[in-house]
Amino acid sequence: MGRKSADTAALEAQLAYSFADKDLLKRALTHVSASPSDKTRSYQRLEFLGDRVLGLSVADMLLAAFPAAEEGELSRRLAELVRKESCAEVALAWDVGPHLHLGDGEVSSGARRNRAILADVCEAIVGAVFLDGGYEAARALVERAFAARLHAPRRPLRDAKTALQEWAQGRGLPAPTYELVERSGPDHAPEFVVGVNVEGMAQAQGRGTAKRNAEQAAAEAFLLRERIWTVNQDV
């Protein structure tokens, strides 16, 4: 197998996993810019696999952690946990950046901190562990990396408009309606103020650079004002 390099040992310590096949880890850390003549030597194929393994592992964890949750809630939690932003945060926690194999252009552009690349590498490492040690090893890696996020999502699991509509329907009320209150600013940088109306309740308003964003802001303002959501809302 050969002696581990210090860099490999440091990363494997962060992962709490030692690879039998070091080439798998090297591939998981290799951007296509470092292997332009043979893209199969980059992390792309491992990312493809790791994305699926990550989804299965997190779904498995969610079923165990939330035995009373319905399919809709589980799906929302899954989407939050496996999104690219979450994977990038995990890669940062692993301190993957210094270990990446990159082309010169990518190095000079700051790719070691590029969140899209870090997210891809996170998935590739999961795929590499799956090939090296099997599903249980990959699931254990995912559990170590994502368990803390399981009960503490970084953002609401439902968008505000959906949450408000579900709340209204649950009380037998008509669906909320949205109206444009004000449009200001030049054509290239408009700002919209939108009001949301729920039967029998005062209008709440929100601002945004697009109507859709303003509608979401209005729905969130309503949910917060009526204490349906709290500032630290996570479900």
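As the structure is a prediction and not an experimental result, all values here were calculated from the model.

Participant: Even after reading the chapter, I still don't get helix 7 (residues 115-133), so can you show me in this structure?
Facilitator: Because each turn of an α-helix spans 3.6 residues, side chains separated by three or four positions in sequence point in the same direction. With 19 residues, helix 7 should cover 27 Å at 1.5 Å per step; its first-to-last C-alpha distance of 27 Å lies within 8% of that length. Two or three places before Ala 116, at the start of helix 7, stands the capping residue Asn 114, its side-chain oxygen 2.9 Å from that residue's backbone nitrogen. At the C-terminal side of helix 7, Gly 134 shows a positive phi close to 95°.

Participant: Before we go on, may I ask you to explain the nonpolar core in this structure?
Facilitator: Burial of nonpolar side chains together is a common tendency in soluble globular proteins. Within the largest apolar cluster, 45 residues are counted, with the highest numbers of intra-cluster contacts made by Trp 94, Val 96 and Ile 125. Those elements that place two or more of their residues in this core are helix 1 (6-15), helix 2 (22-28), helix 3 (44-65), helix 4 (71-82), helix 5 (84-94), helix 7 and helix 8 (135-150). Per element, the largest residue contribution to this core is 10 residues, and it comes from helix 7. The contact partners of Ile 125, leaving out residues within four places of it in the chain, are Leu 15, Ala 28, Leu 29, Trp 94, Val 96 and Leu 141.

Participant: Which parts of the structure should I look at to understand the pairing of strand 2 (residues 191-197)?
Facilitator: Remember that side chains alternate between the two faces of the sheet whenever the strand is regular. By the criterion of burial, strand 2 is predominantly enclosed, with five of the seven residues buried. Pairing analysis gives seven bridges linking strand 1 (residues 177-184) to strand 2, with the strands arranged antiparallel. Within strand 2, the position partnered with Ser 184 by the bridge is Glu 191. In terms of strand pairing, strand 2 meets strand 3 (residues 204-208) through five bridges, oriented antiparallel. Residue pairing across strands places Val 194 opposite Gly 206, the latter belonging to strand 3. Joining the antiparallel neighbours strand 2 and strand 3 is a turn of six residues, in which Gly 200 adopts a positive phi near 80°.

Participant: Explanation requested: the packing of aromatic side chains in the structure shown.
Facilitator: In the structure shown here, the tally under the stated rule is two aromatic pairs. Measuring from centroid to centroid gives 5.0 Å for Tyr 17 and Phe 19, while their planes differ by 90°, and the two rings are edge-to-face. Across the pair, exposure class does not vary: Tyr 17 and Phe 19 are buried alike. In this arrangement the basic side chain of Arg 77 is found over the ring face of Phe 66, its NZ or CZ atom lying 4.1 Å from the centre. Here the guanidinium or amino end of Lys 161 rests over the ring plane of Tyr 178, the centre of that ring lying 4.7 Å away.

Definitions and limits used
Residues numbered from 1 in each chain as written. Predicted model: local features only at pLDDT ≥ 70, side-chain atom pairs only at ≥ 80, totals over all residues. Heavy atoms only, no water. Helix = DSSP H or I, 4+ residues; strand = E, 2+ residues; numbered from the N terminus. Expected span 1.5 Å × (residues − 1). Polar contact = N/O pair within 3.5 Å; in protein donor to acceptor, adjacent residues only side chain to side chain. Core = buried A, V, L, I, M, F, W, Y, C linked by side-chain atoms within 4.5 Å. Buried < 20%, exposed > 50% of the residue type's maximum accessible area, 1.4 Å probe, protein only. Contact = heavy atoms within 4.5 Å. Pairing = 2+ DSSP bridges. Phe/Tyr/Trp six-rings, centres within 6.5 Å; stacked < 30°, edge-to-face > 60°. Lys NZ or Arg CZ within 6 Å of the ring centre and 35° of its normal.

All we've got here are geometric facts, nothing functional implied.
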